[in-house]
Amino acid sequence: FTNFAIYFIIVSVIYLKKIICLMLCLSMTVLSGCFLKMVGSEPENSFSDGYSYIKDNKNGATVYFLDVGQADCTFIKTPKLTALIDAGNVSDGKNIVEFLQSLGVQKIDHLINTHPHEDHLGGMSAVIKNISVGKIYMPKISRADMPTTGVYNELLDTIEQNNCDVYTAKSGVTVFESDNTSLKILSPYGTNYGNLNNYSAVTKFSYYNTGILIMGDAETVIEKELI
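Residues numbered from 1 in each chain as written. Predicted model: local features only at pLDDT ≥ 70, side-chain atom pairs only at ≥ 80, totals over all residues. Heavy atoms only, no water.

A. View of the overall build of the protein chain. Within the protein chain, the regular secondary structure consists of six helices and 12 strands. Counting every position in the protein chain, which comprises 227 residues, the buried fraction comes to 44%. Considering only contacts in the protein chain between residues 6 or more positions apart, those separated by 24 or more positions represent 55%. (Helix = DSSP H or I, 4+ residues; strand = E, 2+ residues; numbered from the N terminus. Buried < 20%, exposed > 50% of the residue type's maximum accessible area, 1.4 Å probe, protein only. Contact = heavy atoms within 4.5 Å.)

B. Just the sheet that holds strand β10 (residues 181–187), in detail. Taken in spatial order, the four strands line up as β9-β10-β11-β12 in an open sheet, and their pairing is antiparallel. Sheet topology places β9 (173–178) and β12 (210–214) at the edges, where each strand pairs with a single neighbour. Taking each pair of neighbouring strands and ignoring which way they run, the sheet shows an average axis angle of 15°. Alignment of β9 against β10, held across five bridges, turns out to be antiparallel. Note that in β10 the partner of V173 across the bridge is I185. (Pairing = 2+ DSSP bridges. Axes fitted to C-alpha atoms, helices over the stretch in contact; angles between N-to-C directions.)

C. Quick peek at helix α5 (residues 150–161). Along its 12 residues, α5 runs 16 Å from first to last C-alpha, staying within 8% of the 16 Å computed at 1.5 Å per residue. Of all the positions in α5, only Y152, L155, T158 and I159 are classed as buried. Across the axial projection of α5, the buried residues extend over an arc of 120°, all falling on one side. Facing away from the buried side of α5 by more than 90 degrees, the exposed set consists of G150, E160 and Q161. Structurally, α5 contributes buried residues whose contacts are with α3 (118–121), α4 (124–130), β7 (132–138) and β8 (165–168). At the C-terminal side of α5, N163 shows a positive phi close to 55°. (Expected span 1.5 Å × (residues − 1). Arc of directions from axis to C-beta.)

D. Geometry of the pairing of β7. As judged from the five bridges shared by strand β6 (residues 107–112) and β7, these two strands associate in the parallel manner. Pairing of I112 across the sheet is with Y137, part of β7. Two elements, β7 and β8, share four bridges in a ladder whose sense is parallel. Note on β8: the bridge partner recorded for I136 is V166.

E. Molecular detail of the side chain of D145. Residue position: D145 is located in the loop between β7 and α5. Buried and unpaired, D145 has R143 as its nearest opposite-charge partner, separated by 11 Å. A distance of 2.8 Å separates the side chain of D145 from the backbone nitrogen of G194, its partner in a polar contact. Setting aside residues no more than four positions away along its own chain, D145 makes contact with N192, Y193, G194, N195, L196 and Y199. (Lys, Arg positive; Asp, Glu negative; His and termini not counted. Salt bridge = Lys/Arg side-chain N within 4 Å of Asp/Glu carboxyl O. Polar contact = N/O pair within 3.5 Å; in protein donor to acceptor, adjacent residues only side chain to side chain.)

F. A look at the nonpolar core. In terms of nonpolar packing, the biggest core is built from 29 residues, with L84, I96, L100, I108, L111, I128 and I136 touching the most fellow members. For this core, the elements supplying multiple residues, two or more each, are β2 (51–56), β3 (61–66), α2 (93–102), β6, α4, β7 and α5. Per-element tally for this core: the top contributor is α2, with four residues. Beyond its immediate sequence surroundings of up to four residues, L111 is in contact with L84, M124, I128, V133, K135, I136 and Y137. (Core = buried A, V, L, I, M, F, W, Y, C linked by side-chain atoms within 4.5 Å.)

Below you can see the structure in the form of structure tokens.
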């Protein structure tokens, strides 16, 4: 009888934990807002490598995650703002431009480069040359860590030639904030990391009850700073 009682208690605890976890998951789903996750391409869009997106049908916002291989490219579109965070490799530029144009995007209000690696800024020159851009945000890099790649220098030249306004991406910067929408930069905290990944502009997009954290290539040291 004692063994049976112990067995019964153990089984009960296991199933109780599962029930509690299920209830928590359901609660988080309800509290997370109205965003619905979709994968694949909508018929009217032509991004050749595909993409995934989450969409708030109720409040009219969509966040697109473009498939640019190992690279990063995120496009945010709400009734009040458009923002492009990173733009893949150089070879992705043309496809990204075509994708944005297929959505009817005529202006990108905020263009954010998380950090100066080619797989994050490669396609930005093409974007700036073909689509109107409002403000550009880039992290301030120390002289010792400043990249000298041709891709990075081309982006700087393109920015200068198109008279774009450039702002420093750093902790505490609010890119946009209005009513239930905000786009804020949480990191970097400093300008001398010795590692370009850790200069990543960590961005938080908040829309009603949903928050999306876009980390760039931030490594452990930045994760600890954020915590």
